[in-house]
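Here is how the chains run, residue by residue.
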Amino acid sequence: MRNILSRAVAALAATLVVSLLLPAAAASAHGQLATSTPLTGTVVREPLAQLALYFTEKPAANAYFTISGPTGSRVDNGWSSGEPKRLDKPVTEYFMVNGVFEPRLYHTGFPAMVTVAHWPAKGRYTASYLSVASDGEAVRGEVTFDYQGRTTAAPAGWTAPTAGPEPALLALAEGEGSASPAVTGSPAGPTGAAASSPAGASGEKSGGGFAAWLVPALIVVVVAAIVLVAARRRPATRGASTPGRRPAGRSGASTAKAGASTKAGASTGKVGRSASSGKTGRPARRGRR
């Protein structure tokens, strides 16, 4: 019984943690990476001049992109905006509206075209990015792929970049600066306009959204009900088995007693017969003498 209750409590705690983190993760996924060329985990067999990273909104003007080769050395040579394209698979992002998370579908991808200076060797390459979304949330991640094409030489006079992201971008990404994209020079527009109608977002809404507290509350109710049912059924099962055993024991004891009485009676009968036969035998012998 204690094992069942402890497992149920542990499952309840884990479920609560996951359910509380899910809405926060969905709310902070603005301006996320929608797709890329090449896709992460794929194999590239021809040297590409650029890598294309498509986001659900335009990257900030001071966004930071790098491409590192198998040895860790950088091979990126700057980035620029490209022409938006329609996504093959829409991306869903959630926005808090009056205490309720409402989904919005994004059908358009806004690219950051990162130039590749050269391909020094075969192996694993990593393209990393850091930007700030229109709501002030940090947008960061990486795309990794395997390059198996021919090696190319670096351009004349080119040196591997060593500069890091701008301090203003780092401050915004860490939540220490202003959340307004206008400060970062993002082409997404003023904060109010971007927040109410982000670029590339459609007006489609799948359902009426859901309250932030509704999912954890439902999970608590369901798990609590399961714990109560398990706690009530366990004693009932034990109680039902005990009476069933007692009658069996009593009937067995009664049977044993009856058997003992029968044996005792049989023994008494034998003694009586032998005694009576002995008594009747003695006068007969005496008569013969």
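For clarity, every value in this text was computed on a predicted model and none was experimentally measured.

**Concerning the nonpolar core**
Within the largest apolar cluster, 20 residues are counted, with the highest numbers of intra-cluster contacts made by L53, F55, F65, I67 and Y125. Looking at this core, the element that brings in the most residues is strand 9 (residues 138–147), giving four residues.

**A short note on the packing of aromatic side chains**
Scanning all chains against the criterion turns up eight aromatic pairs. A connected cluster of aromatic rings, assembled from ring pairs, spans F55, F65, W79 and Y129. A cation over a ring is seen here: K85 above Y54, with NZ or CZ 4.5 Å from the ring centre. The ring of F95 carries the charged tip of R104 above its face, separated from the ring centre by 4.3 Å.

**A closer look at the confidence of the model for the chain**
Per-residue confidence for the chain gives a mean pLDDT of 72, with 53% of residues at or over 70. This stretch, residues 177–197, has a pLDDT under 50; its non-local contacts, to residues over four places away or in other chains, come to 34 contacts.

**So, unusual backbone geometry**
Cis rather than trans, the peptide bond between T37 and P38 has omega equal to 5°. For N98, which is not glycine, the phi torsion reads 55° and is therefore positive. Mapped onto the elements of the fold, N98 is located in the loop between strand 6 (85–97) and strand 7 (100–116). Owing to a relative accessible area of 78%, N98 belongs among the exposed residues under this scheme.

**Notes on the sheet that holds strand 9**
Pairing is mixed in the open sheet, where four strands are placed in the order 2-9-8-4. Looking at strand neighbours, the two that pair on one side only are strand 2 (43–44) and strand 4 (64–68), the edges of this open sheet. Here 10 bridges tie strand 8 (residues 123–132) to strand 9, and the two strands are oriented antiparallel to one another. Of the residues in strand 9, the one forming a bridge with Y125 is F145.

**Observations concerning the side chain of T66**
Relative to the elements of secondary structure, T66 occurs in strand 4. In this structure T66 comes out as buried when scored by relative accessible area, which is 8%. If near-sequence neighbours (up to four positions away) are discounted, T66 is found in contact with R74, D76, T126, A127 and S128.

**A look at the pattern of salt bridges**
Inspection of every chain in the model, using the stated rule, returns two salt bridges. One salt bridge connects D76 with R74, and the closest N-O pair in it is separated by 2.8 Å. Overall, D76 belongs to the buried group, its relative accessible area being 4%. For R74, a relative accessible area of 14% corresponds to the buried category. We note a salt bridge from E174 to R140, for which the minimum N-O separation is 3.5 Å.

About the cut-offs
The residue numbering used here restarts from 1 in each chain and proceeds along that chain's sequence as written. pLDDT decides what is reported in this predicted model: residues at 70 or higher carry local features, side-chain atom pairs at 80 or more are listed and counted, and totals for whole chains, interfaces and linings draw on all residues regardless. The basis for the side-chain values is all heavy atoms of the structure; hydrogens and waters are excluded. Throughout this description, the term nonpolar core refers to a set of buried Ala, Val, Leu, Ile, Met, Phe, Trp, Tyr and Cys residues connected via side-chain atoms within 4.5 Å. Note on classification: 1.4 Å probe, protein chains only; a residue is buried when its accessible area is under 20% of the maximum for its type, exposed when over 50%, partly exposed between these limits. Starting at the N terminus, helices and strands are each numbered in turn, a helix being any DSSP run of H or I of at least four residues and a strand any DSSP run of E of at least two. Stacked, tilted and edge-to-face are the three classes applied to pairs of Phe, Tyr and Trp rings, where Trp contributes its six-membered ring and a pair requires centres within 6.5 Å; stacked means planes under 30 degrees apart, edge-to-face means over 60, and tilted covers the rest. To sit over a ring, a charge needs its Lys NZ or Arg CZ within 6 Å of the ring centre and within 35 degrees of the ring normal. Think of pLDDT as the predictor's per-residue confidence, scored from 0 to 100. Throughout, a residue-residue contact means that at least one pair of heavy atoms, one from each residue, lies within 4.5 Å. By this definition, two strands are paired if DSSP reports at least two bridges between them. By definition, a salt bridge exists where a carboxyl oxygen of Asp or Glu is found within 4 Å of a side-chain nitrogen of Lys or Arg.

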